[in-house]
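# Working through the structure, step by step
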Amino acid sequence: MPPQDTETARWFAEHLQVYETMLRAWLHSRFPQITDFDDIIQESYARVLAARTKREVRSPKAFFFATARNLAYDHFRKLSVTESNYLGEFDELSVLDEKADITETVARNQEIEFMTQAIQSLPDRCRQVLTLRNVYGLSHKEIAEQLGISARTVEAQVATGIKRCTKFMAQYCSF
């Protein structure tokens, strides 16, 4: 249900509601195990609007998507806890425990998200070099030729990128 306040309703329509279809598709592609996203989207709306009352939301779309992503992760965490409580009596039966796969998948997705943020925080040249090396698997020589820089510069940029990403991960993550 849209907000009652006219200004908030306008902001809601312009900055959040226009992305609902895109968010549903994105959630479905990232979390195909979830069959109904209505609760996640509604809670995302509520949380973004609540945050907006406390402070300015500078990137509403990004905040909306990040909130929905985190709620999807919470969905898996709750599911994992519920399953373990329900199946707790059957531990002695050596039943295959599939919830570890979900937990590992969620953790891996979080790690990938943080690594993406770490790479995005790098200076342009460093990000280009690291992406060509780690994503596309190019050698230092191939990167140097493609970017028109020396192989020594490529080595320095890779080293700098790895140091900065490691620092970013240590600062913002606790894996």
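From a predicted model like this one, the values you see are computed outputs, not experimental measurements. (Residues numbered from 1 in each chain as written. Predicted model: local features only at pLDDT ≥ 70, side-chain atom pairs only at ≥ 80, totals over all residues. Heavy atoms only, no water.)

It is worth spelling out the nonpolar core at this point. Counting residues in hydrophobic clusters, the biggest one holds 22 residues, and the most contacted among them are Leu16, Leu27, Phe31, Ile40 and Phe64. Of all the secondary structure elements, the ones that give two or more residues to this core are helix H1 (6-15), helix H2 (20-30), helix H3 (38-54) and helix H4 (60-87). Sorting elements by how many residues they give to this core places H4 first, with 7 residues. Excluding residues that lie within four positions of it along the chain, Ile40 makes contacts with Leu27, Ile34, Ala68, Leu71 and Ala72. (Core = buried A, V, L, I, M, F, W, Y, C linked by side-chain atoms within 4.5 Å. Buried < 20%, exposed > 50% of the residue type's maximum accessible area, 1.4 Å probe, protein only. Helix = DSSP H or I, 4+ residues; strand = E, 2+ residues; numbered from the N terminus. Contact = heavy atoms within 4.5 Å.)

To continue, consider the pattern of salt bridges. One pass over the structure, following the stated rule, counts 10 salt bridges. With its nearest N and O atoms 3.7 Å apart, the salt bridge here joins Arg52 to Glu7. Placement of the pair is Arg52 in helix H3 and Glu7 in helix H1, with a sequence separation of 45 residues. On the basis of relative accessibility, which here comes to 36%, the residue Glu7 falls in the partly exposed class. Here Arg30 ties to Glu113 by a salt bridge, and the two come within 3.7 Å at their closest N and O atoms. (Salt bridge = Lys/Arg side-chain N within 4 Å of Asp/Glu carboxyl O.)

Here the protein averages 80 in pLDDT, while 82% of its residues score no lower than 70. Of all helices and strands in the protein, the one with the weakest mean pLDDT is helix H5 (residues 99-120) (74), whereas H3 scores best (92). (pLDDT = per-residue confidence, 0-100.)

The next thing to look at is H1. Taken residue by residue, H1 has Thr8, Trp11 and Phe12 as its buried positions. When H1 is viewed along its axis, its buried side chains cluster within an angular range of 100° and face the same direction. (Arc of directions from axis to C-beta.)

Within the secondary structure layout, Arg24 lies in helix H2. Residues Arg24 and Asp36, 12 residues apart in the sequence, show an inter-C-alpha distance of 9.5 Å. Setting aside its immediate chain neighbours within four residues, Arg24 contacts Phe37, Asp38 and Ile41.

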